[in-house]
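Read off the chains here:
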Amino acid sequence: MGQKTNPIVNRLGIITGWQSSWCNNYKDRIQEDFKVRMYIEARFPKGIISRIFIERTLKFITITIRTSRPALVIGKRGEEVDTVRKELKKITKKEIQINIVEVKRPELDAPLVAKNLVKQLENRISYRKSVKLSIISAMRMNAQGIRIQISGRLNGSEMARCEIYKEGRISLGTFRADVDYHMAEAHTVYGSIGIKVWIMKGEVYGKRELSPLIGLYKKQRGFFGKRKK
């Protein structure tokens, strides 16, 4: 029986923080977060949005967008951001603050690598060539390891199959290992192709800034759920 865990979720509270920060009214909040993320992903060109972080307070919502092309997200004189802010205000009915953060090394960002592969597969580029170029680019940027799994009707074959390409090392069982992970899906003429990307950037030994929720959790119950005496 396979026991597989999402590498990011597995490290929550240790070296990784939450992508959404709020603590009540779970049903409504998660639906609203989903709508916000879907709108932002659909609004901008494919393959430029890495991750979207949402932090809520009583009066407003702070949305941080990590992107490899900040100029496209901001637009001329900030017009694009203003439009997005107005549309999101209609969806959430709250004041919106948007922060844009540039991804300086997109070759080491798993979501951007996966979405770039999706674009190439949908444009009918050979999957072997695309995957090998992504691996070479990541290793050139000093990644300690990269693994790409691609599955489906590859090159339009009659039988679906799964292929794995990897280079370097990826320590999935080591909690201090900084492993970035993303899963994407390419919709081609001959069916859907699933893509999974793991990138190991190194190991984190000291303290790392996490979501504000982990600080609250520590104060209330202590780290790893140990109650204070």
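Notes on the structure in this doc start here. (Residues numbered from 1 in each chain as written. Predicted model: local features only at pLDDT ≥ 70, side-chain atom pairs only at ≥ 80, totals over all residues. Heavy atoms only, no water.)

## Some words on unusual backbone geometry
Most peptide bonds take the trans configuration, and most residues that are not glycine carry a negative phi. Residue Asn25 is not a glycine yet carries a positive backbone phi of 55 degrees. With respect to the helices and strands, Asn25 occurs in the loop between β1 (20-21) and α2 (26-43). The class for Asn25 is partly exposed, based on a relative accessible area of 41%. Positive phi, normally seen in glycine, also occurs at Asn142, with a value near 70 degrees. (Helix = DSSP H or I, 4+ residues; strand = E, 2+ residues; numbered from the N terminus. Buried < 20%, exposed > 50% of the residue type's maximum accessible area, 1.4 Å probe, protein only.)

## Quick look at the sheet that holds strand β6 (residues 161-168)
Taken together, 4 strands build an open sheet; the order of strands is β6-β5-β8-β7 and the sheet is antiparallel. Of all the strands in the sheet, just β6 and β7 (177-188) have a single pairing partner and so form its edges. Across the sheet, the mean angle from the axis of one strand to that of its neighbour is 10 degrees, orientation sign disregarded. As paired elements, strand β5 (residues 145-152) and strand β8 (residues 191-203) share 7 bridges and run antiparallel to each other. Pairing of Gly145 across the sheet is with Met200, part of β8. Contacts between helix α5 (residues 110-122) and the sheet are confined to β5, β7 and β8, with β7 contributing the most and set at about 20 degrees to the helix. (Pairing = 2+ DSSP bridges. Axes fitted to C-alpha atoms, helices over the stretch in contact; angles between N-to-C directions. Contact = heavy atoms within 4.5 Å.)

## Quick word on the packing of α2 against helix α4 (residues 79-92)
The relative placement of two packed helices is expressed as an angle between their axes plus a distance between the axes. Orientation of α2 relative to α4, taken along the N-to-C sense of each, is 150 degrees, at an axis distance of 11 Å. Taken as axis vectors, α2 and α4 run roughly antiparallel relative to one another. Where α2 crosses over α4, the two elements pack in a sense that is right-handed. Seen from α2, the contacting residues are Glu32, Lys35, Val36, Tyr39, Ile40 and Arg43; seen from α4, they are Glu80, Thr83, Val84, Glu87, Leu88, Ile91 and Thr92. Class assignment for the residues of the contact of α2 with α4 results in 6 nonpolar, 2 polar and 5 charged. (Parallel < 35°, antiparallel > 145°, perpendicular 65-115°, else oblique. Left-handed = near helix turned anticlockwise from the far one by under 90°. Nonpolar A, V, L, I, M, F, W, Y, C, P; charged D, E, K, R; others polar.)

## Some points on the environment of Ile195
Topologically, Ile195 is positioned in strand β8. Here Ile195 falls in the buried class, since its relative accessible area comes to 0%. Taking C-alpha positions, Ile195 is 8.3 Å from His182, a pair spaced 13 residues apart along the chain. With residues near it in sequence (within four places) discarded, Ile195 still touches Ala114, Leu117, Val118, Leu121, Gln149, Ile150, His182, Met183 and Ala184.

## A closer look at the sheet that holds strand β4 (residues 95-102)
Note on sheets: strands pair through backbone hydrogen bonds, and any given pair is parallel or antiparallel. Read from one edge of the open sheet, 4 strands run β1-β2-β3-β4, paired in mixed fashion. Strand pairing shows two members of the sheet lacking a second neighbour, β1 and β4, which therefore form its edges. With 8 bridges connecting them, strand β3 (residues 60-67) and β4 associate as parallel partners. Within β4, the position partnered with Phe60 by the bridge is Glu95. Set on the sheet, α4 makes contact with β3 and β4; between it and β4 the angle comes to about 135 degrees.

## Some points on the pattern of salt bridges
One pass over the full model with this rule turns up 14 salt bridges. Between Lys115 and Glu41 there is a salt bridge whose closest N-O contact spans 3.0 Å. Placement of the pair is Lys115 in helix α5 and Glu41 in helix α2, with a sequence separation of 74 residues. With a relative accessible area of 13%, Lys115 lands in the buried category. (Salt bridge = Lys/Arg side-chain N within 4 Å of Asp/Glu carboxyl O.)

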